[in-house]
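Residue-level structural notes
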Amino acid sequence: MTGVLASGAKAAGAVGLVIEDGAFVIEGGCSVLGLDPAPGTLDTFADRLAPGDRAVLDRVRSGEACDTRLRLIGADGKVRYARLIGRGEPGAWRGLLIPAGASPEGGVARIDLETALKAAVETGEVTAFHQPIVDLKSRKLAGFEALARWIRPDGDVMGPDEFLPLAAEQGLTRTLGEAVRTSAARDAAAWRAAGGAQTLFVAANATAGEICAPGFADSLVQAVEAAGLPANRFKLEVNETEVMADPNAAETALKTLKAAGFSLAIDDFGTGYSSLSRLDRFPFDSVKIDQYFIRAALADAAARAIVKSVVSIARSYAMTIVAEGVETEEAAALCTDLGCDFGQGFRFARALRPEDAAEAVRSGLEGRFDPPA
Ligand code: C2E
Ligand code: CA
Ligand code: CA
């Protein structure tokens, strides 16, 4: 064994890891790391790693060198940190697992969550809730934004801030996004079929990474068509800053969707540094002003002036304007005065369960879905 590996071998509790032809062998005492010494296939070794760390096995499989920190799940179910150092060639890799610190705080809970998330996405536990978007002049329901929610087996509902980062770490963003967009299109098709207004739209989100991936636009067109929803009733929301990350790929995908009849919205406008004119190359037809600006506009004349100028520029591009984070009647009135077309926020309703959204389509929002005090 050469330099790094030989010196690492002196670390207390280090074990050798030998990988050959898709099988692994652990050399040395495994007790400090809580590992079961029995050899197995590389896939069974994956079960000993936190799901978020399993991508390292692709590198090992391809024979790449690595020096990385991992979370190992011991035979006792406890989580321990280890450093994995090694190198090799495809099919033949040698390395060392070196204990690298105590169990992470809440480690088991998090790993349970990581393990559960993949299954949850596959079995439909992650689905779309729908937040009403209201026409500010008539105060009628105009559409919904589909927002990801994870309905846990115990009935708890988890919001995206708690699981989207985990989904990204595990490479599940696209699968999860597709599940939410497909639920959104199916629910919207069902509202129409049940006699809901034919003008209702449903909006859903995608990250720049998803949009720029090959085949994104075509598969979204197919999913919406298969759900039985006319393309012009589906609106895709893309974050303002994200779209600039790979503008050429984003432009191609967005133009394909536009040509298929989809609506496109710039999400969270105002949080990045773009001007609407910089976004002119993309075929957006609406802009969503970030809730930060709506809140600031309530308190501050300068912020009101910014919102007003966004509204007037958006108008000149024939875009409609949605105000986000409308929490009070005062905010709703201000957004109407500033010229926004639509409002979305707790003043009208939070994201509703699909059955409550269907009820809102049937009977309207008034007095039914107001936020709890
Ligand atoms: P977003 O697209 O800006 O969605 C609006 C967020 O603002 C939602 O949070 C919504 O519940 C919250 N919100 C709505 N009205 C109000 C209000 O009056 N006051 C306040 N304080 N908040 C309000 P949520 O559901 O937690 O979603 C957070 C973010 O997660 C979303 O922000 C979106 O960026 C992302 N997200 C949600 N679902 C998906 C998805 O399916 N795919 C992707 N890629 N991202 C998603
Ligand atoms: Ca959004
Ligand atoms: Ca937003």
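Numbers given for residues are sequential positions, taken from 1 along each chain in its written order. Chain letters start at A and ligand numbers start at 1, both assigned in the order the entries are written. Side-chain atom pairs in this predicted model are given and counted only at pLDDT of 80 or more, local residue features only at pLDDT of at least 70, and totals for whole chains, interfaces and linings cover all residues. The side-chain values count all of the structure's non-hydrogen atoms but skip hydrogen atoms and water molecules.

Examining the coordination of the calcium ion (ligand 2)
Selection criterion: For Na, K and Ca the donor cut-off is 3.2 Å, while for other metals it is 2.8 Å, and in both cases only N, O and S atoms qualify; water is not among them, so sites may look incomplete. The numbering of helices and of strands both runs from the N terminus, where a helix is a DSSP run of H or I of at least 4 residues and a strand a run of E of at least 2. Partly exposed describes any residue whose relative accessible area lies between the buried limit of under 20% and the exposed limit of over 50%, with all areas from a 1.4 Å probe on protein chains only and scaled to the type maximum.
Protein coordination at the calcium ion (ligand 2) comes from E145 (OE), N205 (OD1), E237 (OE) and D267 (OD), with a distance range of 2.2 to 2.3 Å. Spacing between the donor residues of the calcium ion (ligand 2) along their common chain follows E-x59-N-x31-E-x29-D. Between the calcium ion (ligand 2) and the calcium ion (ligand 3), the interatomic distance is 3.8 Å, and D267 donates to each metal, bridging them. Of this pair, E145 sits in strand β8 (residues 141–151) while D267 is found in strand β12 (residues 263–269), placing the two residues 122 residues apart along the sequence. Like D267, E145 is buried.

With respect to the coordination of the calcium ion (ligand 3)
Within the first shell, the calcium ion (ligand 3) binds the protein through D267 (OD), D268 (OD), E324 (OE) and E324 (OE), at distances of 2.1 to 2.8 Å. Between consecutive donor residues of the calcium ion (ligand 3), the sequence gaps follow D-D-x55-E.

Considerations on the nonpolar core
Note the cut-off: Only buried residues count toward a nonpolar core. Its members are Ala, Val, Leu, Ile, Met, Phe, Trp, Tyr and Cys residues joined through side-chain atoms within 4.5 Å. By the convention used here, residues are in contact when the closest approach between their heavy atoms is within 4.5 Å.
Of all hydrophobic cores here, the largest spans 80 residues; its most connected members are L117, F234, L236, L257, L276, F284 and I289. Broken down by element, the residue count for this core peaks at seven residues, all from helix α6 (residues 173–193). In contact with L236, not counting residues within four places along its chain, are R181, A204, N205, A206, I211, F216, L220, L257, S263, L264 and A265.

Brief notes about the pairing of strand β6 (residues 92–99)
The condition is simple: Pairs of strands are assigned from DSSP output, requiring at least two bridges between the strands.
Taken together, the six bridges between strand β1 (residues 15–20) and β6 define a ladder with antiparallel strand orientation. The partner of G16 across the bridge, within β6, is L96. Pairing of strand β5 (residues 79–89) with β6 involves eight bridges; the strand directions are antiparallel. Residue pairing across strands places E89 opposite A92, the latter belonging to β6.

Looking at the site of ligand 1
To keep it simple, the criterion reads: Consider each residue's heavy atoms; a residue with any of them within 4 Å of a molecule or strand counts as near. N or O atoms closer than or at 3.5 Å make up a polar contact, with two conditions inside protein: a donor-capable atom paired with an acceptor-capable one, and, for residues adjacent in sequence, both atoms drawn from side chains. Each accessible area is a Shrake-Rupley estimate made with a 1.4 Å probe; only the visible protein chains count as cover when residues are assessed. As a working rule, the residues Ala, Val, Leu, Ile, Met, Phe, Trp, Tyr, Cys and Pro are called nonpolar, Asp, Glu, Lys and Arg charged, and the rest polar, with Gly in that last group.
Q131, A148, R149, E327 and F346 are the nearest of the 22 residues found near ligand 1. A distance of 2.8 Å is found between an oxygen atom of ligand 1 and a side-chain nitrogen or oxygen belonging to R149. At 2.5 Å from a nitrogen atom of ligand 1 is found a side-chain nitrogen or oxygen belonging to E327. Protein contacts shield 81% of the accessible area of ligand 1, which totals 800 Å² for the unbound molecule. At the level of secondary structure, the elements contributing two or more residues to the shell around ligand 1 comprise β8, α5 (160–169), β12 and α11 (291–299). For the shell around ligand 1, the residue count by class is seven nonpolar, six polar and nine charged.

A look at the packing of helix α4 (residues 107–123) against α5
Any two packed helices are characterised by the angle at which their axes cross and by the distance between the axes. Stated precisely, the cut-off is as follows: Lines fitted to the C-alpha atoms define the axes, with helices restricted to the stretch that makes contact. Angles between their N-to-C directions range from 0 to 180 degrees. Each angle receives one of four descriptions, namely roughly parallel if under 35 degrees, roughly antiparallel if over 145, roughly perpendicular if within 65 to 115, and oblique otherwise.
Axis separation between α4 and α5 bottoms out at 10 Å; the angle between their running directions is 70°. Between α4 and α5, the interaxial angle falls into the category roughly perpendicular. Residues R110, L113, E114 and L117 of α4 touch α5, and the partners they reach there are F163, L166, A167 and E169. Of the residues in the contact of α4 with α5, the class split is five nonpolar, no polar and three charged.

Details of α6
Under the convention used in this document: Helices are assigned an expected span. That span is 1.5 Å times one less than the residue count.
Along its 21 residues, α6 runs 30 Å from first to last C-alpha, staying within 8% of the 30 Å computed at 1.5 Å per residue. Those residues of α6 lying buried are L176, G177, V180, R181, S183, A184, A185, A188, A189, W191 and R192. One or two residues past the end of α6 sits G195, with phi positive at roughly 100°.

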